[in-house]
Amino acid sequence: MKKLLAMVGSLLVLGAALFAADPACGLWKSIDDKTGEVTAIWRIYEENGMLFGTIAATTNDPQDVIADKCKESYKGFPRSGAVNKMTTVGTPWIFNMKKESDGNWKNGNIIDPSNGKMYGCVIKYLAAGEVNKKYKATKPTLAMAGTVGPIQVFQYWVQATEEDVLAAQKAHPASK
């Protein structure tokens, strides 16, 4: 009986580890490099083995603002319909990221809904104390790079909470 219980317990622990969310998944605040201001709160999630990201809440615009600076369509965009008619909140602006290892994703795309530009994308999860380029994370951080060819420009995003999402929604409610 003890062996059976030990085996079941081991299987439960192993199963939980296999199905644990990737550390890059969750809520993250994007930070403007120049001002240090939070620009949006993102929801990063894994679906069918790929990583995606939607804006969960805007911090400067109404929650129902339309991404009208975008083109009508983009190669590989994961949602049907005219992209320039979609809301900034809830649209998958980060898409088709492929897993390199836990917390490390590449070969996907990110669209900046404020100007419609699409870039290649690299995402790296950094635990406290880890270093990316010259940046040393003091707390869990998402190193997010927009790429054009071999050039990578990193931003460093910090973890957010559902309370942060609610506060941004309250501060900048939908206009309708």
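Here the structure is a predicted model, which means the values were calculated and not measured. (Residues numbered from 1 in each chain as written. Predicted model: local features only at pLDDT ≥ 70, side-chain atom pairs only at ≥ 80, totals over all residues. Heavy atoms only, no water.)

As for the environment of Ile 123
Note the threshold: Strands here mean DSSP runs of E at least two residues long; helices mean DSSP runs of H or I at least four residues long; both are numbered from the N terminus. In this analysis, two residues are considered to be in contact whenever any of their non-hydrogen atoms come within 4.5 Å of each other.
Checked against the element boundaries, Ile 123 lands in strand E6 (residues 118-126). When the C-alpha atoms of Ile 123 and Leu 142 are compared, they prove to be 6.8 Å apart, with 19 residues separating the residues in sequence. If we skip the residues at most four places from it in the chain, Ile 123 touches Ala 24, Leu 51, Ile 94, Met 97, Gly 103, Asn 104, Trp 105, Leu 142, Ala 143 and Met 144.

As for the packing of aromatic side chains
Note the cut-off: Two aromatic rings, drawn from Phe, Tyr or Trp (for Trp, its six-membered ring), form a pair once their centres lie within 6.5 Å of each other, and the interplanar angle then sorts them: stacked below 30 degrees, edge-to-face above 60, tilted otherwise. Three labels apply to residues, based on accessible area from a 1.4 Å probe with only protein chains included: buried if under 20% of the type maximum, exposed if over 50%, partly exposed otherwise in between.
Per the stated rule, a full pass over the model turns up eight aromatic pairs. Where Trp 28 meets Tyr 125, the ring centres are 6.3 Å apart and the plane angle is 70°; that geometry is what we call edge-to-face. With Trp 28 in strand E1 (residues 26-31) and Tyr 125 in strand E6, this residue pair connects regions lying 97 residues apart in the sequence. Seen from their ring centres, Tyr 135 and Tyr 156 are 3.8 Å apart, and the 10° between their planes marks the pair as stacked. Taken as a pair, Tyr 135 in strand E8 (residues 135-136) and Tyr 156 in strand E10 (residues 151-159) lie far apart in primary sequence, 21 residues in all. Assessed through its relative accessible area of 27%, Tyr 135 is described here as partly exposed. According to the relative accessible area criterion, Tyr 156 is buried, its value standing at 18%. Taken together through their ring pairs, the aromatic side chains of Tyr 74, Phe 77, Trp 93 and Phe 95 make up a single cluster.

Digging into the pattern of salt bridges
For clarity, the threshold we go by: A side-chain nitrogen of Lys or Arg and a carboxyl oxygen of Asp or Glu constitute a salt bridge if their distance falls within 4 Å.
According to the stated counting rule, one finds six salt bridges in the structure shown. In this structure, Asp 22 and Lys 99 form a salt bridge, with 3.2 Å as the shortest nitrogen-oxygen distance. Pair noted here: Asp 22 is in the loop between helix H1 (2-18) and E1 and Lys 99 is in strand E4 (residues 92-101), with a separation of 77 residues, a long-range link. You can call Lys 99 partly exposed: its relative accessible area is 39%. With a shortest N-O distance of 3.0 Å, Glu 162 and Arg 43 are connected by a salt bridge. Taken as a pair, Glu 162 in helix H2 (residues 162-171) and Arg 43 in strand E2 (residues 38-47) lie far apart in primary sequence, 119 residues in all.

This is a description of form; function is not addressed.
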